[in-house]
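# An overview of the molecular structure
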Amino acid sequence: MKERIARSASRHGLDVQVEARSADGRVVTDVLVSGAGARVGWEAQYSPISASTVRRRSGRARENGIAPLWVTGDASSSIVDRAPWTRVDDVPWQRIVSPLAMVIRGGVRHLQIWKCTPSSERPCPETGQHCGKFHSGWFLPALCVPQERATALDELVVTSADGEHVAVRVRNSHDPRRTSYLWALAKDVERWRDLTGETDSPPEEQPTDDEPVTFAEEELDSSCRYGHQDGRHFSDPRPRRDMSSATGLHTFDEAPDHPYRSPSRPVQLRRLSARERAVIATELGCPPWEIGPCMLCAEPIHRYGRSSPLACSSCRATTQVR
């Protein structure tokens, strides 16, 4: 993983240092990637680690002007929400060093703002019904409306160093002691701070919540479950820690300025037929839009109503549409 991160950063002209050591020798970063926006310290964590160690090493990195970024393939890893993190699929090393793309499965989210109405595609996060207020929250790309494009690992290597993606710490509105870390587009973070009033305050010391390693004093289960249809079996009792559908949910009584953000991908528009326009006009109780060619340049023009003339946007001639 360290090799892949370094190779991707070098390919895009970023400054890369592997096993970079700080001046005081207290911080050794797996891969230090420096760009125009930040110095990002990538930590490839594929072995067990305690939550207190993650916090301590992340704090030392920040003291040296480095933005920590932990990457793992384990959904139950202790790095989740203990520091800025990201997760990819748990694949063999041959897949990691290959040129094939690795999609980020957790740790990168998008800001969503919507009004809680009966036509909303999401239920109310507070009451379960439609409250008529505005809500905002951070969602995984697949759960965004419309669905956002997933971020690739190699892409995040570049965008985090260039400042396009930034790390943000989100408090739980119902329990301020609980926080989540995520990576998001800088424009989303700026919008979120305007809505919530959150600032870039440094993370405070949190109580140690390491998951203890215990011995259950039970005999080893040596039975083979290959081919059995009794569901998935996990020998590790630790729960997945990165499966929340949304985080940082906030509610607003009034509509914020420009509450809706257009999707990152362009929307494909299509021309409606005369029958489709008539059906829509009947449902909305308004006259249908009519489309016809300009008599001079033959370009399609739009008008509202039945007989009002309209100037063609191409040749600027006042024309009448049949």
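It should be noted that the structure appears before, not after, this text.
What counts as what
- Residues numbered from 1 in each chain as written.
- Predicted model: local features only at pLDDT ≥ 70, side-chain atom pairs only at ≥ 80, totals over all residues.
- Heavy atoms only, no water.
- Pairing = 2+ DSSP bridges.
- Helix = DSSP H or I, 4+ residues; strand = E, 2+ residues; numbered from the N terminus.
- Axes fitted to C-alpha atoms, helices over the stretch in contact; angles between N-to-C directions.
- Contact = heavy atoms within 4.5 Å.
- Buried < 20%, exposed > 50% of the residue type's maximum accessible area, 1.4 Å probe, protein only.
- Parallel < 35°, antiparallel > 145°, perpendicular 65-115°, else oblique.
- Left-handed = near helix turned anticlockwise from the far one by under 90°.
- Nonpolar A, V, L, I, M, F, W, Y, C, P; charged D, E, K, R; others polar.
- Core = buried A, V, L, I, M, F, W, Y, C linked by side-chain atoms within 4.5 Å.
- Phe/Tyr/Trp six-rings, centres within 6.5 Å; stacked < 30°, edge-to-face > 60°.
- Lys NZ or Arg CZ within 6 Å of the ring centre and 35° of its normal.
- Polar contact = N/O pair within 3.5 Å; in protein donor to acceptor, adjacent residues only side chain to side chain.

Right, let's talk about the sheet that holds strand β1 (residues 15–21) for a bit. Note on sheets: strands pair through backbone hydrogen bonds, and any given pair is parallel or antiparallel. With respect to topology, 6 strands assemble into an open sheet ordered β1-β2-β3-β4-β5-β6, the strand pairing being mixed. The sheet terminates laterally at β1 and β6 (104–106), the two strands that pair on one side only. The sheet shows a mean angle of 35° between the axes of neighbouring strands, taken without regard to direction. Summarising the sheet, strand β2 (residues 28–34) and strand β3 (residues 39–44) pair through 4 bridges and their orientation is antiparallel. Note on β3: the bridge partner recorded for valine 31 is tryptophan 42. Each of β1, β2, β3 and β4 (67–72) is contacted by helix α1 (residues 2–11), which is oriented at about 20° to β2, the strand it contacts most.

A large share of helix α4 (residues 153–162) lies buried, amounting to 8 of its 10 residues. Here α4 has its buried residues at Leu153, Asp154, Leu156, Val157, Val158, Thr159, Ser160 and Ala161. Directly beyond the C-terminal end of α4, a positive phi value near 90° is found at glycine 163.

Across the interface, α1 lies against α4 with an axial gap of 9 Å and an inter-helix angle of 60°. Accordingly, the angle class assigned to the pair α1 and α4 is oblique. In this structure, α1 crosses over α4, and the sense of that crossing is right-handed. In contact with Arg4, Ile5, Ser8, Ala9 and Arg11 of α1, α4 contributes Leu153, Asp154 and Val157. In terms of residue class, the contact of α1 with α4 is built from 4 nonpolar, 1 polar and 3 charged.

If you look at the biggest cluster of nonpolar residues, it comprises 22 residues, and the most contacted ones within it are Met1, Ile5, Val33, Trp42, Val71, Val88 and Leu153. Setting aside chain neighbours within four positions, we find valine 33 in contact with Ile5, Ala9, Leu14, Asp15, Ala38, Arg39, Val40, Trp42, Val157 and Ala161. If you look at the next biggest cluster of nonpolar residues, it comprises 12 residues, including Phe134, Leu182, Ala184 and Trp192.

Applying the stated criterion across every chain yields a total of 2 aromatic pairs. The interplanar angle of 75° and the centroid separation of 5.7 Å between the aromatic rings of tryptophan 114 and phenylalanine 139 together place this pair among those described as edge-to-face. Of this pair, tryptophan 114 sits in strand β7 (residues 110–115) while phenylalanine 139 sits in strand β8 (residues 134–139), placing them 25 residues apart in sequence. Residue tryptophan 114 is classed as buried on the basis of its relative accessible area of 7%. The residue whose ring lies beneath arginine 122 is tryptophan 114, and the NZ or CZ to ring-centre distance is 4.8 Å. Taking NZ or CZ as reference, arginine 122 lies 4.2 Å from the ring centre of phenylalanine 139, over its face.

Moving on, we get to the pairing of β1. Note: β1 against β2, 6 bridges, orientation antiparallel. Bridge pairing links valine 18 to valine 31 in β2. Counted between consecutive antiparallel strands, the loop separating β1 from β2 contains 6 residues, among which glycine 25 sits at a positive phi close to 75°.

Within the element layout of this structure, serine 76 appears in the loop between β4 and β5 (85–88). Within the local environment of serine 76, its side chain forms a polar contact with the side chain of aspartate 74, the two groups lying 2.9 Å apart.

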